[in-house]
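# A structural walkthrough
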Amino acid sequence: IFNMEGFGSDGLTQPGMSVYGATKRAVRYLTVSLVNEYAGTPVVIGTVSPGIVVTEFLTRDLYAHDPAALTARRKVLSIMADRVETVAPPLVAGMLAATKSGADVRWMTPMQALGRLLASPFRKRDPFTAPAGEGRA
């Protein structure tokens, strides 16, 4: 059983994300509780953290009330976001490889995020229009 983490699971808040963030915070609690409750059983329970993924939630729903906010955040999103086609295969592989409960399968580690930020002046990315199969870097 892998539960999907997302913005807010670590307690961070952002305007317009209260309901989404609260549910993701609850997912973290649920996962930790299930890991403890099913300890010693063959059931593998963990979390999967895809990072920022370009979906309709991001491009349409999240900023529906304020399209200018999406435009304002697009530069950062172009550095940090990825397409579903890019993140899904390694996340699925990580989940399938997990053999112990408490596994945390992550797409974007803090070091990878730092690398993207440092490389951003030299490497232009546009996950909003990039072809499928774009690399992870």
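Placed above this text is the structure.
The following refers to the structure shown. Just so we're clear, the structure is a prediction, and the values are computed from it rather than from any experiment.

This part covers the environment of aspartate 126. Topologically, aspartate 126 is positioned in the segment after helix 5 (110–119). Residue classification places aspartate 126 among the partly exposed positions, given a relative accessible area of 28%. Separated by 48 residues in the primary sequence, aspartate 126 and serine 78 place their C-alpha atoms 5.1 Å from one another. In this structure aspartate 126 touches Arg74 and Ser78, once residues within four positions along its chain are discounted. Looking at aspartate 126, its side chain comes within polar contact range of the side chain of threonine 129, at 2.9 Å.

Let's shift gears to helix 1 (residues 18–37). An α-helical turn contains 3.6 residues, so a residue and the one three or four places further along point in the same direction. The end-to-end C-alpha distance of helix 1 is 28 Å, a good match for the 28 Å that 20 residues give at a rise of 1.5 Å each. Buried-residue contacts for helix 1 involve strand 1 (2–4) and strand 2 (46–49).

Below, the discussion takes up the sheet that holds strand 1. Two pairing modes exist for strands in a sheet, parallel and antiparallel, and in both the strands are linked by backbone hydrogen bonds. Taken together, three strands build an open sheet; the order of strands is 1-2-5 and the sheet is parallel. Of all strands in the sheet, those bounded by a partner on one side alone are strand 1 and strand 5 (103–106). Ignoring strand direction, the axes of neighbouring strands in this sheet form an average angle of 25 degrees. Set on the sheet, helix 4 (residues 84–97) makes contact with strand 1, strand 2 and strand 5; between it and strand 5 the angle comes to about 165 degrees.

Here the focus is the pattern of salt bridges. Following the criterion strictly, the structure yields seven salt bridges and no others. A salt bridge links glutamate 5 to arginine 28, with the nearest nitrogen and oxygen atoms 2.9 Å apart. Here the residue glutamate 5 occupies a position in the loop between strand 1 and helix 1, and arginine 28 occupies one in helix 1, the gap between them amounting to 23 residues. Look at glutamate 5 and you get buried, because its relative accessible area is 6%. Judged by relative accessible area, arginine 28 falls into the partly exposed class, the value being 28%. A salt bridge links glutamate 5 to arginine 106, with the nearest nitrogen and oxygen atoms 3.6 Å apart.

Cut-offs and rules
Residues numbered from 1 in each chain as written. Predicted model: local features only at pLDDT ≥ 70, side-chain atom pairs only at ≥ 80, totals over all residues. Heavy atoms only, no water. Helix = DSSP H or I, 4+ residues; strand = E, 2+ residues; numbered from the N terminus. Buried < 20%, exposed > 50% of the residue type's maximum accessible area, 1.4 Å probe, protein only. Contact = heavy atoms within 4.5 Å. Polar contact = N/O pair within 3.5 Å; in protein donor to acceptor, adjacent residues only side chain to side chain. Expected span 1.5 Å × (residues − 1). Pairing = 2+ DSSP bridges. Axes fitted to C-alpha atoms, helices over the stretch in contact; angles between N-to-C directions. Salt bridge = Lys/Arg side-chain N within 4 Å of Asp/Glu carboxyl O.

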